[in-house]
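Letter by letter, the chains look like this.
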Amino acid sequence: MSEERRYPALSEDMQARGLGAMLRIFGPGAIIASVTIGSGETVFASRGGAVFGYALLWCFIGGGLMKFVQVYTAARYMTLTGEHPLERWKFLPGPQGWVVWVMAVLTVLCFPLWLSGLPKMLGGLTVWILGCEGLAIWGDPRVWGTAFVALAIAITMVQSYGALEKFQTVVVGVLLLSILTAAAAAQPDWLAVLIGSIVPTMPAYDPWLISKYPAVAARSAWVELGTYLGAIGGGTQDYFGYIGMLREKAWGLLGRKVEAGEEGVAIAADDENIARGRAWLRGPLVDSGVSFICVVIFTMAFVVLGAAVLRPQHIVPEGMQLLSVQADFLTILHPALVYLYQLGVFTAFFGTIMAAYELYTRTTHECLRPIVQRVREVPVGRLRPWVVGYCGIGGVAIMWMGGNPVSIVTPAAIFGGVLTCGLWCLLMVWTDHRFLPAPLRMGWPLRVINLISGVFLTGWGLRGAFDFFVG
């Protein structure tokens, strides 16, 4: 029997209370929040508001809550045991590691799709900012998208992201503060906002949208809403890497060398050790909680603006105009704010692409560690050139093959942001019950919410995938 593990004494930050202590705990969750600001809120939340009005707020709020539960339960387990949940999933009944292989393949296949669609969106934004529409070369978003991919790869490989990250944080912070101000200034129908937030409905396309945007209306509502769900808050392509990043925080048993067999990590079950273990859970709760609160708040702001500003004008972000029409969100405050919008969205998107290369490298490492011994024995940096090359070459190839950015990222959103997220929730219920001592397991409210999230996301992912492929 392996040695029973004991939790270390709480750090000063974990013992402290107040906003300052909470901000010191907040770390890797900021990456998840910043990565989703680019595509999730700016494009898909505002598109959802323009297409369906306030009726979809429940979907965005519920999706954010479900993904918080998904991420927190995994971070919770890793804090208590020191090992990634993937290490346990390889022991599910059947051939060893089959679930890990399924999740890894579905996740890794999504990488180049996101890193094709996002640079193409950024290329379209650049063409609009520079006013070079119609020019043979410089008016092609693919040219700019390819250039941004090359620049992001170069910066990623030399690891000089720090200055850009600080600059991006300031600009995006100002942009989002302006967006919240604009959402209030747009004078939305607050009763409709309340009803749309708490009453689940499956909205239909309006006649004006069917006639003016036939390509949008041709998409199954399950696929359209599934794309929103998948884009908001991220997906397994982000979360596997995020959970791995928590090792650097050294909460609970994190950061300690843990090698457990089929029975998992043995934890001392005396009252003192159990109490200390539960106290360490404040770390992942604050980190993931603050992250998803930010995501939900800004998502709601963009949905409200889409419904209050774009929908009355019968304007929907689509094709290569995915980002330019949202400038109206700030110009309702002052025309000169269009420049703040352009700068803020450009830095947000480029920062998202930059962060994705590093995050996807860590995700690949975490997915392969339990099932490939050679990967387990090498540091994550050794995988970076291979993952970056795969994402860069694959992303550029898909970008030049054609298709609008929404169509490109749709399968990645449905599979990586909905279906695998639902499976993750269901797997965490099994993992928690099977490998944690009873006093450290999830309480019944968290377990029930996890089960509901798993069934909802898995079911929506399967229906969305069916409609996507069958048409």
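Up top you'll find the structure we're talking about.
Residues numbered from 1 in each chain as written. Predicted model: local features only at pLDDT ≥ 70, side-chain atom pairs only at ≥ 80, totals over all residues. Heavy atoms only, no water.

Caption draft 1: Layout of the pattern of salt bridges. Overall, the coordinates contain 15 salt bridges when judged by the stated rule. For Glu 87, the salt bridge goes to Lys 90, with nearest N and O atoms at 3.8 Å. As far as burial versus exposure is concerned, Glu 87 and Lys 90 are alike and both buried. A salt bridge links Glu 358 to Arg 384; the shortest N-O distance between them is 3.0 Å. Of the two residues, Glu 358 is situated in helix 18 (residues 338-368) and Arg 384 in helix 20 (residues 384-401); the sequence distance between them amounts to 26 residues. Of the residues examined, Arg 384 reaches a relative accessible area of 14% and is grouped as buried. (Salt bridge = Lys/Arg side-chain N within 4 Å of Asp/Glu carboxyl O. Buried < 20%, exposed > 50% of the residue type's maximum accessible area, 1.4 Å probe, protein only. Helix = DSSP H or I, 4+ residues; strand = E, 2+ residues; numbered from the N terminus.)

Caption draft 2: Focus on the packing of aromatic side chains. Counted under the stated rule, the structure contains 23 aromatic pairs. Seen in terms of ring centroids, Trp 430 and Phe 435 are 5.4 Å apart; in terms of plane orientation they differ by 85°. Their pairing is edge-to-face. By relative accessible area, Trp 430 is classed as partly exposed at 26%. Looking at Phe 435, the relative accessible area reads 6%, which means it is buried. An aromatic cluster is present here, built from Phe 68, Tyr 72, Trp 89, Tyr 239, Phe 240, Phe 292 and Trp 424 joined pairwise through their rings. Against the face of Phe 435 rests Arg 88, its NZ or CZ located 4.8 Å from the ring centre. (Phe/Tyr/Trp six-rings, centres within 6.5 Å; stacked < 30°, edge-to-face > 60°. Lys NZ or Arg CZ within 6 Å of the ring centre and 35° of its normal.)

Caption draft 3: Representation of the side chain of Arg 369 in the model. Within the secondary structure layout, Arg 369 lies in the loop between helix 18 and helix 19 (373-376). Looking at Arg 369, the relative accessible area reads 15%, which means it is buried. Among the polar contacts made by the side chain of Arg 369, one reaches the side chain of Glu 87 at a distance of 3.1 Å. When neighbours within four sequence positions are excluded, Arg 369 is seen to be in contact with Glu 87, Arg 247, Val 375 and Arg 376. (Polar contact = N/O pair within 3.5 Å; in protein donor to acceptor, adjacent residues only side chain to side chain. Contact = heavy atoms within 4.5 Å.)

Caption draft 4: Main features of the environment of Val 316. Its location among the elements puts Val 316 in the loop between helix 16 (282-310) and helix 17 (328-331). Among the residues examined, Val 316 registers a relative accessible area of 3% and is labelled buried. Once you skip the residues sitting within four places of it in the chain, Val 316 turns out to touch Arg 47, Ala 50, Val 51, Trp 208, Leu 209, Tyr 213 and Val 216.

Caption draft 5: Region of interest: a nonpolar patch on the surface. On the surface, Leu 191, Leu 194, Ile 195, Ile 198 and Val 199 cluster together to form a nonpolar patch covering roughly 470 Å² of accessible area. Relative to the helices and strands, Ile 198 is located in helix 10 (residues 190-198). Of the residues examined, Ile 198 reaches a relative accessible area of 58% and is grouped as exposed. (Patch = residues over 30% accessible without salt bridge, like charges linked within 9 Å, V, L, I, M, F, W, Y side chains within 5 Å. Areas by Shrake-Rupley, 256 points an atom, 1.4 Å probe, with all protein chains shown as cover.)

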